[in-house]
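An overview of the molecular structure
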Amino acid sequence: MDAVGWGIVGYGWVARDYMEPGIRAAGHRLVAVCDPNPECRAAAERAGARGHADLAGLIAEPGVEAVYVATPNHLHRGAVEALAAAGKAVLCEKPMAATLADAEAIARAVESQKIFYGTAFDQRHHPAHRTIRAQVAAGRLGTVTTVRIVYACWLGRDWSEAGQPNWRIDAAQAGGGALMDLAPHGLDLVDFLLDEPIADLAALTQSRAQDYSVDDGALLIGRTAGGALASLHVAYNCPDALPRRRLEVVGTKGMLIAENTMGQTAGGSLSFIDGASGRVEPLAFDADSSPFTEQVRAFGSALRRPEERGAYSAARDLHTMRLVAHAYGQG
């Protein structure tokens, strides 16, 4: 496959530490970056990309075919609308936007301009999670009854990047706290693993340990249309040295447990527990490829081969955004 020329809008730590290496590892090219911060542009230029202070400069780059949007959430809509009008393929970070109204506007722009769009649910691309999906589809677990996810971290008020304030704890920029940032991954992952979305959802949030206005933790319980239950614990108040990333899929014939797979990095562990004997079987998967690398490969392949674009759906991603809004008591 021909290498895809990428642009990045918003060259913060996720784009710099995970997306840019993922582009290189997938055999693609980072052509240009747009960021108002001169330090971020300088970092992009050291990585071999051209830096632009405004989006118009990036859009004018003829070598940019696909664009990864990694700005603060409240800026997603403006970037995606401009990129869609320019006919660029877009991979936008989750959540789709800071508000449901902006997410709906993104979906309209994608549809009206007929561009190739995906929300960056990188957990769909972790090799361990792909293995779980294949095991579920093969009937290894029997009838899946429950999915349980813990995805937590510590995010204090004093966290900053390049001396910039922490936008993830600002309600106007982020749209919410731990629930807004972390729960979309889990909600989407249930859909991916079981091939059915969550239909009903309830949630409780907390502001317990951190001294900022957005939620620092949440518990969500959901149910798919087929009757599988899901529980998600997301948090900004869990010390990073504690166990805080765990995924369990339970069925009538057995259980799959993934530890330290939720997140941006490669690796972790996956095991199957037999429901009849209790025997524990470690399962092998590609522990070297990060979910970001695999996400770039999948998006680039679908860009080149339109028949693969069925794995992407703005309508599905908008449903996930509606679940998040409902969890916050909106809509």
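Residues numbered from 1 in each chain as written. Predicted model: local features only at pLDDT ≥ 70, side-chain atom pairs only at ≥ 80, totals over all residues. Heavy atoms only, no water.

**Some points on the side chain of Gln-295**
Spelled out, the test is: Secondary structure is summarised from DSSP: a helix means a run of H or I of at least four residues, a strand means a run of E of at least two, and numbering begins at the N terminus for each. Throughout, a contact is declared for two residues whenever any of their heavy atoms are within 4.5 Å.
The topology assignment puts Gln-295 in helix α9 (residues 291–304). Dropping the residues within four chain positions of it, Gln-295 is found in contact with Leu-91, Ala-120, Phe-121, Asp-122, His-125 and Tyr-312.

**Some words on the packing of helix α6 (residues 127–137) against helix α8 (residues 178–194)**
Definition in use: For helices, the fitted line uses only the C-alpha atoms of the stretch in contact; every axis is such a line through C-alpha atoms, and the angle between N-to-C directions lies from 0 to 180 degrees. Oblique is the label for any angle not under 35 degrees, not over 145, and not in the 65 to 115 range, which are roughly parallel, roughly antiparallel and roughly perpendicular in turn. Classification convention: Asp, Glu, Lys, Arg as charged; Ala, Val, Leu, Ile, Met, Phe, Trp, Tyr, Cys, Pro as nonpolar; all other residues, Gly among them, as polar.
Two numbers describe how α6 lies on α8: the axes approach to 8 Å, and their chain directions differ by 45 degrees. With respect to each other, α6 and α8 are oriented oblique. Facing α6, whose interface residues are His-129, Arg-130, Ile-132, Arg-133 and Val-136, α8 presents Leu-189, Phe-192, Leu-193 and Leu-194. Class assignment for the residues of the contact of α6 with α8 results in 6 nonpolar, 1 polar and 2 charged.

**Structural notes on the pairing of strand β6 (residues 117–120)**
Basically, it comes down to this: Partly exposed describes any residue whose relative accessible area lies between the buried limit of under 20% and the exposed limit of over 50%, with all areas from a 1.4 Å probe on protein chains only and scaled to the type maximum. In this scheme, strands are said to pair when DSSP sees at least two bridges between them. For the handedness criterion, the strands are oriented away from the viewer, and a crossover whose path from the first strand over the helix to the second runs clockwise is classed as right-handed.
On β6, burial covers both faces: Tyr-117 and Thr-119 on one face and Gly-118 and Ala-120 on the other are all buried. Of the pairings in the sheet, the one linking strand β5 (residues 89–93) to β6 comprises 4 bridges and is parallel in character. When the bridges of β6 are listed, Val-90 appears paired with Tyr-117. For the crossover that starts at β5, traverses helix α5 (residues 100–113) and ends in the parallel β6, the hand is right-handed.

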